[in-house]
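Read off the chains here:
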Amino acid sequence: MGNGKETREPGEELMQKIVSLCKRRGFVFQSSEIYGGLKSAYDYGPLGVELKRNLMNEWWRDVVHSRENVMGLESSIIMHPEVWRASGHVAGFSDPLVDCKLSKERFRTDKAGPVEVQSDGRLVIRAPDKAAAKLWAEAVKTQHAPGARVETRDKDVVLHTKSVAPPAEGRPGKIVLAGFDGGPDVEIPYRGYVTPDFNCPFLSEERTFNLMFRSFLGSVDPLAEVVDVFVANKDKSKLELRALIEAALAKSTVYLRPETAQGMFVQFLNCLNAVSMKIPFGIAQMGKAFRNEVTVEHFTFRSCEFEQMEIEFFCEPGTDDQWLEYWKNERMRWWRQYANNPDKFVFRRHAKAELAHYAKDCYDIEYEYPWGFGELEGIANRTDYDLKKHAEASGQHLVYTDSARNDPATGKPPLRFTPYVIEPSGGATRGTLVYLIDAYSEETRRDAKGEPVVRTVLKLHPRLAPIKVGVFPLVKKDGMPEKAREIVEEFFRAGINSRYDEQHAIGRRYARHDEAGTPYCITVDGQTIQDDTVTIRDRDTTAQERIKVDEALSVVQARLGKI
RNA sequence: GCGGGUGUGACGCAGUGGUAGCGUAUCAGCUUCCCAAGCUGACUGUCGUGGGUUCGAAUCCCAUCACCCGCUCCA
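Here is what the cut-offs are and how they apply
Residues numbered from 1 in each chain as written. Chains lettered and ligands numbered in written order. Predicted model: local features only at pLDDT ≥ 70, side-chain atom pairs only at ≥ 80, totals over all residues. Heavy atoms only, no water. Helix = DSSP H or I, 4+ residues; strand = E, 2+ residues; numbered from the N terminus. Rg over C-alpha atoms; globule rule 2.2 N^0.38 Å. Buried < 20%, exposed > 50% of the residue type's maximum accessible area, 1.4 Å probe, protein only. Contact = heavy atoms within 4.5 Å. Areas by Shrake-Rupley, 256 points an atom, 1.4 Å probe, with all protein chains shown as cover. Expected span 1.5 Å × (residues − 1). Arc of directions from axis to C-beta. Pairing = 2+ DSSP bridges. Axes fitted to C-alpha atoms, helices over the stretch in contact; angles between N-to-C directions. Phe/Tyr/Trp six-rings, centres within 6.5 Å; stacked < 30°, edge-to-face > 60°. Lys NZ or Arg CZ within 6 Å of the ring centre and 35° of its normal. 1 Å grid on protein atoms, 1.4 Å probe; cavity = no way out; pocket = protein on both sides within 12 Å on 5 of 7 lines; lining within 4 Å. Points joined across faces, edges and corners; volume = space filled by probe spheres on them. Core = buried A, V, L, I, M, F, W, Y, C linked by side-chain atoms within 4.5 Å.

Draft legend 1. Spotlight on the overall build of chain A. On a plain count of helices and strands, chain A comes out with 15 helices and 28 strands. In terms of C-alpha radius of gyration, chain A reaches 31 Å, well past the compact-globule figure of 24 Å for 563 residues. By its C-alpha atoms, chain A is 105 × 80 × 45 Å across when sized along the principal axes. Going through the 563 residues of chain A one by one, you find that 48% of them count as buried. Long-range contacts, defined here as pairs at least 24 residues apart, represent 63% of the contacts in chain A between residues at least 6 apart. For chain A, the exposed area adds up to about 28900 Å²; of that, 51% sits on carbon and sulfur atoms.

Okay, structure coming up:
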């Protein structure tokens, strides 16, 4: 009763099967597993690396190779730290956050006010309901201020203060509470603010959010500097010490990029100068990005190290709305064309309040994962925010020059302006997961004895499938293995990932390849030796056709060419 | 960060104090002319990790790591 297995949701069960398959067949492994694993880090195994690469290659082919006005870029993961100050990533995440020990709410300290104390010294903590008030009072009595006088009155938890001293001049603040039943006073620390909605002074330590992975460039050990600062400033407060340490580390501090986008903004001019393109044009890049996520969840869905496929599409201000419309449709078309269930991909427009500080408008392409809808790609109108910020910070003219048009101010060419940017930013890691989920299917069929058996098939699009062709001898004799090896060699030479397999009975080999997502299996049988024909089997229908050995390669190539 | 759950061979699981077992998979051989067939044999576990209690721990206790679910968070 009440055991996890019985209460498991269908989506949970599906995910568990997929995770299990991923490990068993070599799609995705937990990182550093032999050491107990590392939180939120995953490795792509022999089949997984093929799947992810195929997906990314398809994206590159579609957005770079199939368009005259999009060029590729691969910028470094570690960039000048000024990039992240200009973009707002450093400042945006330096606000300290604290957790309320009673309500468990997390808030920014700069949005919190001082404690409210009534004229008779009462400090009222306002719980959302009566039951919570009881629980909170109990927690205060036993954990947060043992020995203090605590009362509950309806939804309130009432404490009695004797004095309140906010922190000042490096001295920590404190609140002195009356003791229970005339007992000794109880002191609790006070940092000058309380939980906004509840007036609760029981708080966790201040924690600065660490969105970006920080590292140190240079071979000199940065910790030595930290130790020096610490030793020389022992008497300083935590806050002051922190500032001094930050300053000491600043000269070597670098960040792992939290998005690939900034590399493209920073190289905007170089790209434009190297490859002359008329506006509108785009720069595309795929690669790793890193974020210290608050919560990691759902297998590879949200992890600290992930891979992006991003386009920054530069267009003239005023045309940005129509290009947003264009790209959102293009990207949706692209995701859907490889899917068995295209209806599971939907748009979700961001509400105004939800938009990032740089965005004017944004659509997410969401996928219906087993746990619900979640983001797969975001198509945002980033306006001229990033180019302007980098222009300002670097002093460079990050503008587009149109020498064929007049500047209205001078009445003469050239016309210079900062382009607007439409950014389709897709997750390669998420895409890989999405297509694994989309492809996973189970069919019940009868085995040779008439018993029902479950056939697990990964119905991956042939262009995404890790192995394109399995080549088998029907049995291991009569020259069949030799013939099959000849065929597989031909596929190797043509650059098509193929596998020769002679192990076990033929049915098992088909089943293994169904589970791996191999779309086609070619089998050499007795008839091959007589008339040079083989069978080719389709993964999804299991139907077979007999084709000439000579045509095997071209038949497969033709089928793989289909989108 | 909070709360709940889980962790036993590659995978799925059984095993609630007496020195680990099943199924599948894997490997070898025989057999087999088409969908996880059959027969024979073989391999894989210091029970997530580290402590503790005990004569004795997969089993009880503590800590820790990882995963799952819910909340929170996601510039």
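Draft legend 2. How the structure looks around helix 6 (residues 238-250). Its 13 residues place the ends of helix 6 18 Å apart at the C-alpha level, agreeing with the 18 Å of an ideal helix rising 1.5 Å per residue. Where helix 6 is concerned, the buried positions are Leu241, Ile245, Ala248 and Leu249. One side of helix 6 holds all its buried residues, which, seen down the axis, span an arc of 90°. Facing away from the buried side of helix 6, by more than 90 degrees, are the exposed residues Leu239 and Ala247.

Draft legend 3. Looking closely at the sheet that holds strand 28 (residues 544-548). With respect to topology, 5 strands assemble into an open sheet ordered 25-24-26-27-28, the strand pairing being mixed. Two strands in the sheet have a free side with no partner beyond their single neighbour: strand 25 (498-500) and strand 28. Neighbour-to-neighbour, the strand axes of the sheet open up by a mean angle of 25°, direction not taken into account. Note: strand 24 (residues 469-473) against strand 26 (residues 520-524), 5 bridges, orientation parallel. By the bridge assignment, Phe472 is partnered in strand 26 with Thr523. Set on the sheet, helix 15 (residues 552-561) makes contact with strand 24, strand 26, strand 27 (533-538) and strand 28; between it and strand 26 the angle comes to about 170°.

Draft legend 4. Inspection of unusual backbone geometry at higher detail. Here Ile279 and Pro280 are connected by a cis peptide whose omega angle stands at 0°. Within the secondary structure, Pro280 sits in the loop between helix 8 (268-274) and strand 14 (281-290). You will see that Asp154, though not glycine, has its phi angle at about 55°, which is positive. With respect to the helices and strands, Asp154 occurs in the loop between strand 7 (150-153) and strand 8 (156-165). For Asn199, which is not a glycine, the phi torsion comes out positive at approximately 60°. Tracing the backbone shows Asn199 in the loop between strand 10 (186-190) and strand 11 (207-208). With relative accessibility at 2%, the residue Asn199 sits in the buried group.

Draft legend 5. Structural view of the environment of Ala404. Among the structural elements, Ala404 can be located in the loop between strand 19 (400-402) and strand 20 (415-417). Given a relative accessible area of 70%, Ala404 falls into the exposed group. Separated by 48 residues in the primary sequence, Ala404 and Pro452 place their C-alpha atoms 72 Å from one another.

Draft legend 6. Spatial organisation of the packing of aromatic side chains. On inspection of all chains with the given rule, the structure shows 26 aromatic pairs. Both rings, one in Phe345 and one in Tyr435, keep their centres 6.4 Å apart while their planes meet at 40°; by these two values the pair is tilted. Of the two residues, Phe345 sits in strand 16 (residues 345-349) while Tyr435 sits in helix 11 (residues 428-439), which places them 90 residues apart along the sequence. Judged on exposure class, the residue Phe345 and its partner Tyr435 are both buried. The ring of Tyr44 has Lys52 sitting right over it, with the charged end atom 5.0 Å from the ring centre. Across the ring face of Phe347, the terminal group of Lys328 is positioned such that the distance to the ring centre comes to 4.7 Å.

Draft legend 7. Main features of the layout of surface pockets. Considered as a void within the structure, the largest pocket measures approximately 1300 Å³ in volume. Around the largest pocket, the lining is made up of 40 residues, and of these Glu259, Arg291, Ala356, Tyr358 and Glu375 lie nearest the centre. Of all the secondary-structure elements, those providing two or more residues to the lining of the largest pocket are strand 15 (305-315), strand 17 (361-369), strand 18 (372-383), strand 21 (420-427) and helix 11. Counting residues per element, the lining of the largest pocket draws most heavily on strand 18, which supplies 5 residues.

Draft legend 8. Representation of the pairing of strand 27 within the structure. Buried residues dominate strand 27, accounting for 5 of its 6 residues. As paired elements, strand 26 and strand 27 share 4 bridges and run antiparallel to each other. Paired with Cys521 across the two strands is Arg537, which belongs to strand 27. Taken together, the 5 bridges between strand 27 and strand 28 define a ladder with antiparallel strand orientation. Paired with Arg537 across the strands is Gln544, a residue of strand 28. The hairpin formed by strand 27 and strand 28 contains 5 residues between the paired strands, and Thr542 there has a positive phi angle of roughly 65°.

Draft legend 9. Local environment of the nonpolar core. Grouped together as the largest cluster of nonpolar side chains are 52 residues, with contacts concentrated most on Phe27, Trp335, Phe345, Tyr369, Ile422, Tyr435 and Leu458. Sorting the residues of this core by element identifies helix 1 (10-25), helix 2 (46-65), strand 15, helix 9 (320-337), strand 17, strand 18, strand 21 and helix 11 as the ones contributing at least two each. Ranked by size, the runner-up nonpolar core spans 31 residues in total, among them Val98, Trp136, Ala137 and Leu159.

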